[in-house]
Amino acid sequence: MTDWLPSILAEHGDDLIDGFLITLQLVIISMLFGIVLGAIIARGRMSKNKAVAGLAWFYVALFRGTPLLAQLYLIYYGLGQFSGFWRDVGLWGFLRDPFNCAVLSFTLNTAAYQAEIFRGAVQALPKGQWEGGAALGMSRFMVFRKIVLPQATLYALRPWGNELILMIKGSAVASVVTVYDLLGETRLAYSDTFRFDVYFYAAGLYLILVETLRRVWNALEQRLTRHLRREDDNSAKNAAPGAGTAAAAQL
Amino acid sequence: MDDSLLGLLRFGPDGWGDELLAGLQITVALALATAPIGLVLGFILALARRSERAMARVPATIFTTVFKGLPELITLFIVYYGSSLALAWLLGLFFDEPIFEISSFVAGMVALGAVSASFASEVFMGALAGIPRGQLEAADALGLSRWARMRNVILPQVMRLALPGLGNLWLVLLKDTALVSVIALPDLLRRTFIAVGSTKEPFFFFTVAIVIYFTISMLSMAVFQLLEARYARGYSK
């Protein structure tokens, strides 16, 4: 049945698929936790309390200014050094697993990037939106939930999609700490067979994933921002609210 | 406890300070050697992608799509192992024994150069689109040659528009050099790893490495802010 496949795929194809699924899990879990932590940090960045704002700034600068691989090493090997302590507090079972360490470090990392995306999106809204809500007698929380959040979500959509793609690419470093994600399985298959072409099949899988997501994301953005375009306007790019902030938030 | 830990950073045979410093030099050297590739190739790619000729536009678009989409680590593996295999095969046609290998430094330069060129082409595309048509028409009306138009009219303005994006790419490149430690280039992260192996102090040494990376990132950002201010001179109010 698998005669038509190249022999390396017939032998290791299902391993690559397993790895692909692990990559997806890594990325999805980290990105979802990253939203929560990122929102908290973004709130901290915009705080009037200088100490809170400074701390949030430092967090963002630290995680964006150092290599993800070094962060992963610090968490996987560095925290492992205190295994006695983790055993005492009952967290050793969690930290012993390289997959969990990868999720933890990816979450901390992407939260810093997402915090900047969220902050950029909220601050891109004109002040009048807040004032208008207040004039209607709404509480600040209600203004945020009913007026600011829906509009800011649209601003954040494009940079968030970019961050998702960066996370997919970045997640490949997990293979270095023995997580068998797509690249991990690929390296294993290569050391088994010394068939170099397995790297090309893995590369193909990554490219398909990233390109598909990019196109789906573009279509999604087009769909969600259709009310912001004029009917005679064919160059949708100019009207998309994310176009301006996308560059800003990535900087 | 703390004293003995900091003592591990001493310079000389009983400390790791000089090893880490040598690693930092390799990290910075790799980033500095790769940046011009990204800059020049990125600009050429941007021009090609804007070209009306499909012969130029299509290959450049494919190149950037591939290297923007692939994880940097797999690009690095493909360049490192792939070029070694290709070279061994090629040289095997003429020689009996392998005479040289692709160094991990060169593999890092090629792989990271291709990646940063792809992202730089995106930045340059945006900058080129930001130059009003009238500028080109005025240059033509003055009878400037194509080269003079590029050098004296387009490039100075492109640099101003592209600088924030390029500064960002430099920071990404600096961080991506850490990946080359995986193919055994003795950069900062690799040497930290070796120090950890021999001292069994992973938390301390990886923290030190992160502090060093953070410091060069902050320094780079300060330099780019100065550069941006300089290129924006004509536009400040």
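Preceding this paragraph is the structure being described.
All figures in this text were calculated on a predicted structure; none of them were measured in a lab. (Residues numbered from 1 in each chain as written. Chains lettered and ligands numbered in written order. Predicted model: local features only at pLDDT ≥ 70, side-chain atom pairs only at ≥ 80, totals over all residues. Heavy atoms only, no water.)

> Give me the nonpolar core: which residues, what numbers.
By size, the foremost hydrophobic cluster in this structure holds 107 residues, and its most contacted members are Leu73 and Ile74 of chain B. Ranked by residue count, the leading element in this core is helix α8 (residues 140-170) of chain A, at 12 residues. Discounting chain neighbours no more than four positions away, the residues touching Ile74 of chain B are Leu183, Tyr199, Ala202, Ala203 and Tyr206 of chain A. Phe43, Val123, Leu128 and Ile154 of chain B belong to the second-largest nonpolar core, a separate cluster that totals 14 residues. (Core = buried A, V, L, I, M, F, W, Y, C linked by side-chain atoms within 4.5 Å. Buried < 20%, exposed > 50% of the residue type's maximum accessible area, 1.4 Å probe, protein only. Helix = DSSP H or I, 4+ residues; strand = E, 2+ residues; numbered from the N terminus. Contact = heavy atoms within 4.5 Å.)

> Which residues make up a nonpolar patch on the surface, and what values go with them?
A contiguous nonpolar patch, built from Phe82, Phe85, Val89, Leu91 and Phe94 of chain A together with Phe203 of chain B and spanning about 520 Å² of accessible area, is present on the exposed surface. Tracing the backbone through its elements, the reader meets Leu91 of chain A in the loop between α4 (83-89) and α5 (92-95). (Patch = residues over 30% accessible without salt bridge, like charges linked within 9 Å, V, L, I, M, F, W, Y side chains within 5 Å. Areas by Shrake-Rupley, 256 points an atom, 1.4 Å probe, with all protein chains shown as cover. Salt bridge = Lys/Arg side-chain N within 4 Å of Asp/Glu carboxyl O.)

> How would you summarise the pattern of salt bridges if you had to cite specific residues and measurements?
Within this structure, the stated rule accounts for 11 salt bridges over all chains. One salt bridge in this structure joins Glu72 of chain B and Lys169 of chain A, with 3.4 Å as the shortest N-O distance. Taken together, the positions of Glu72 of chain B in helix α4 (residues 72-92) and Lys169 of chain A in helix α8 put the pair across two chains. Residue classification places Lys169 of chain A among the buried positions, given a relative accessible area of 3%. For Arg49 of chain B, the salt bridge goes to Glu122 of chain B, with nearest N and O atoms at 3.0 Å. In this pair, Arg49 of chain B is assigned in helix α2 (residues 17-50) and Glu122 of chain B in helix α5 (residues 104-129), connecting sequence segments 73 residues apart. The class of Arg49 of chain B is buried, set by a relative accessible area of 17%.

> Describe the environment of Lys146 of chain A, with residues and values.
Topologically, Lys146 of chain A is positioned in helix α8. In this structure the C-alpha to C-alpha distance between Lys146 of chain A and Gly133 of chain A, which are 13 residues apart in sequence, comes to 9.0 Å.

> I'd like a description of helix α6 (residues 98-124) of chain A, backed by residues and values.
Between its terminal C-alpha atoms α6 of chain A stretches 39 Å, which fits the 39 Å expected from 27 residues at 1.5 Å a residue. The residue sitting at the N-terminus of α6 of chain A and contributing the capping side-chain oxygen is Asp97 of chain A; that oxygen lies 3.0 Å from the backbone nitrogen of Phe99 of chain A. (Expected span 1.5 Å × (residues − 1). Polar contact = N/O pair within 3.5 Å; in protein donor to acceptor, adjacent residues only side chain to side chain.)

> How would you sum up the side chain of Thr27 of chain B? Please name residues and give values.
All names here are of chain B. In this fold, Thr27 is placed in helix α2. Taking relative accessible area as the criterion, Thr27 reaches 1% and is therefore assigned buried. Those residues in contact with Thr27 that lie beyond four places of it in its chain are Thr177, Asp187, Leu188 and Tyr213.

> Run through the interface of chain B and chain A, naming residues and quoting values.
The interface is formed by 37 residues belonging to chain B together with 38 residues belonging to chain A. For the pair chain B and chain A, the summed buried area comes to about 3200 Å², and 80% of that belongs to carbon and sulfur atoms. One can count one salt bridge joining chain B with chain A. Summed over the shared surface of chain B and chain A, the number is seven residue pairs in polar contact (both at pLDDT 80 or more). (Buried area = accessible area lost by both parts, 1.4 Å probe.)

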